[in-house]
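Geometric and topological summary
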Amino acid sequence: MSEEIVIKNQETRKLRVSIKTFGCQMNQYDTEVASGLLQDAGYEILPEGDSGASADIILMNTCSVREHAEDRVYSRLGILAETKKQNPDLVLGLLGCMVEEHREKLFRRFPQLDLMIGTRNLVELPALIGRVRKERRQIARIKQDGISIEYTELIKRRTEHHAWLPIMTGCNKVCTFCIVPITRGSEVSMPARDVYREAARLAGEGVRWITLLGQNVNSYNGAPAGELSSNVSFPKLLDTLCEIEGLFQISFTTSHPHDATPKLFEVIARNPKISRRFHLPLQSGSDAVLKRMKRLHTYEEYAGKIERMRGMIPDVLVTTDIIAGFSGETEESHRETMKALEDLRFDGAYIYKYSVRAGTPAAKLPDDVPLEVKERRNQELLETQKRISDENYRARLGRTVIVFAESVNARNPDELVGRTNFDKKVIFRGSRDQIGAIHRVELTELIHETFKGVALGPSR
Ligand code: SAH
Ligand code: F3S
């Protein structure tokens, strides 16, 4: 700690840190932890939207999952090289998956970069910044074992009533297109008792809604909690967390179809606290493509799971991920994916153009779908899905749903913004004192993807 104290005494104002977050919710959580640790060490954290122009330290929490995410970081690093010429004291650092993927190589390519910290080293960040400022040389800390999840009371959450709660990291699946097993390593679960304790602590702080996070959240397999004697599966963990008083809603992301079991559907169905949104990536409607992706299921098996889930949880909202233009995807395979969207009628889909990630198994396969074909297929998928999502949302109009009130509508102080228990935004008349509670709201109107509704009263 001595470095920070020296710095604090030398400076007449607190050093300012800007952190920009790319990628998934896990990164958002890590940014909240990093911000809390740095604030505790005496730094001032600039708000998320701040340009960073007045910052002494600029950090980027990076994502490797698609080329586009990496390109954004590279281009910002280019701009920041110029900024650093004007202000040589500026400290530039990277966190997150690009650090795990490229490691020290990035120091050679970007001499303007001062520090890199691996996903398992986050707690060392304040000390590392202190060292970089003192020694003025490039320093990296990238540990290769252990778990990257840090639970800390110091966390600087951006929302009062909602919290991210990572429960596992890494992935033991081997989807050939995906870099996550390389950047986040093998699956490691937090012990169930730690998860429970952290969820209870958050509830004690006024958090009413948590989102459990993991690259493969439903293959969670944690060490026992309290009186539980055997390892805790994901359905069991969900069941246990539902007992925490004060928690009104529990969401989770992201699931793999392999571990989306009837047992899990059954636990969701009987616990009204568990979110009615299920995100289950399909990736492709073609068995040949699914096989090359090593997704461990056929289209029929996936469709069967969705049917089962909808049968057991009638109001569930199902979203998915699709990759357009994977290696070997023919026009026929693309039509099979289009048909899958029509048949399964997802409520939403994230549709991505395939981008080769170096080091993944698919990097050895030809990237043989030309970019313009990827773009056209991507567009066709997007248009089809948009129509279906819109029809599905309209079908929910007139229903009375469970809504968690999050904030006052910035555009109208007489209105509240909330989230339905199937994770859609809804605006309804209400007052500030109703925030942080659950309401019954009748859905009356759909404007783009946002519902408007009428509150019928508190729910629980
Ligand atoms: N289970 C993970 C999924 C990882 S990435 C999680 O959410 O944490 C999220 C989505 O990005 C994947 O489901 C896939 O649709 C997409 N994706 C992953 N690698 C990709 C690649 N190389 N090109 C295009 N899309 C990709
Ligand atoms: Fe990636 Fe497949 Fe795991 S998409 S995160 S390797 S389940």
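Everything below is about the structure shown above.
As a starting point, this report considers the structure included with it. (Residues numbered from 1 in each chain as written. Chains lettered and ligands numbered in written order. Predicted model: local features only at pLDDT ≥ 70, side-chain atom pairs only at ≥ 80, totals over all residues. Heavy atoms only, no water.)

Quick notes on the environment of Arg 277
Basically, it comes down to this: Numbering of helices and strands runs from the N terminus; a helix is a DSSP stretch of H or I covering at least four residues, while a strand is a stretch of E covering at least two. We call two residues in contact when some of their heavy atoms are within 4.5 Å. Polar contacts, as used here, are pairs of N or O atoms within 3.5 Å; protein pairs need one atom able to donate a hydrogen and one able to accept it. Residues neighboring in sequence count only if both atoms are side-chain atoms.
Within the fold, Arg 277 resides in strand β14 (residues 277–279). On a C-alpha basis, the gap between Arg 277 and Asp 40 in space is 36 Å, while along the polypeptide they are 237 residues apart. Ignoring any residue separated from it by four or fewer positions in sequence, one finds Arg 277 in contact with Leu 317, Thr 319, Tyr 350, Asn 421, Phe 422 and Asp 423. Side-chain polar atoms of Arg 277 contact the side chain of Asp 423, separated by 3.0 Å.

Side note on the site of ligand 1
Operational definition: For this description, a residue counts as near a given molecule or strand if any of its non-hydrogen atoms is within 4 Å of it. Think of it as three bins: nonpolar holds Ala, Val, Leu, Ile, Met, Phe, Trp, Tyr, Cys and Pro, charged holds Asp, Glu, Lys and Arg, and polar takes everything else, Gly as well.
Close to ligand 1 lie 14 residues; Arg 66, Gln 215, Gln 283, Asp 321 and Ser 355 are nearest. Phe 177 has a polar backbone atom sitting 3.1 Å from a nitrogen atom of ligand 1. In this structure, a nitrogen atom belonging to ligand 1 sits 2.8 Å away from a main-chain N or O atom of Ser 355. Listed by contribution, the elements that provide at least two residues to the shell around ligand 1 are β15 (317–324) and β16 (348–353). Along the lines of polarity and charge, the residues of the shell around ligand 1 split into 6 nonpolar, 4 polar and 4 charged.

Considerations on a negative patch on the surface
Put simply, the rule reads: Only residues whose relative accessible area exceeds 30% and that form no salt bridge enter a patch; like-charged residues are grouped when within 9 Å of one another, and nonpolar side chains (Val, Leu, Ile, Met, Phe, Trp, Tyr) when within 5 Å. Computed with a 1.4 Å probe, the accessible areas rest on the Shrake-Rupley method; for each residue, only the protein chains presented here act as cover. Criterion for a salt bridge: a side-chain nitrogen of Lys or Arg within 4 Å of a carboxyl oxygen of Asp or Glu. This count recognises Lys and Arg as positive and Asp and Glu as negative, with His and chain-terminal groups excluded. Lys charges are placed at NZ, Arg charges at CZ, Asp charges at CG and Glu charges at CD.
A cluster of acidic residues, Asp 287, Glu 300, Glu 301, Glu 332 and Glu 336, forms a negative patch on the protein surface. Listed by contribution, the elements that provide at least two residues to the negative patch are α12 (299–312) and α13 (331–344). Among the structural elements, Glu 301 can be located in helix α12.

A few points about the pattern of salt bridges
Think of it this way: side chains of opposite charge can pair up when their charged atoms draw near. For clarity, the threshold we go by: Only protein chains enter the accessibility calculation, which uses a 1.4 Å probe. A residue is then buried if its area is under 20% of the maximum for its type, exposed if over 50%, and partly exposed in between.
Under the criterion given, the structure shown has 36 salt bridges. In this structure, Glu 124 engages Arg 141 in a salt bridge whose closest nitrogen and oxygen atoms are separated by 2.6 Å. Placement of Glu 124 in the loop between β5 (115–117) and α6 (125–135) and of Arg 141 in strand β6 (residues 139–141) is noted, with a sequence separation of 17 residues between them. Glu 124 sits in the partly exposed class, given a relative accessible area of 23%. The closest approach of N and O atoms between Arg 387 and Glu 342, which form a salt bridge, is 2.6 Å. Of this pair, Arg 387 sits in helix α14 (residues 371–395) while Glu 342 sits in helix α13, placing them 45 residues apart in sequence. Using a relative accessible area of 37% as the deciding quantity, one classes Arg 387 as partly exposed.

Functional significance is not addressed by these values, which are geometric in nature.
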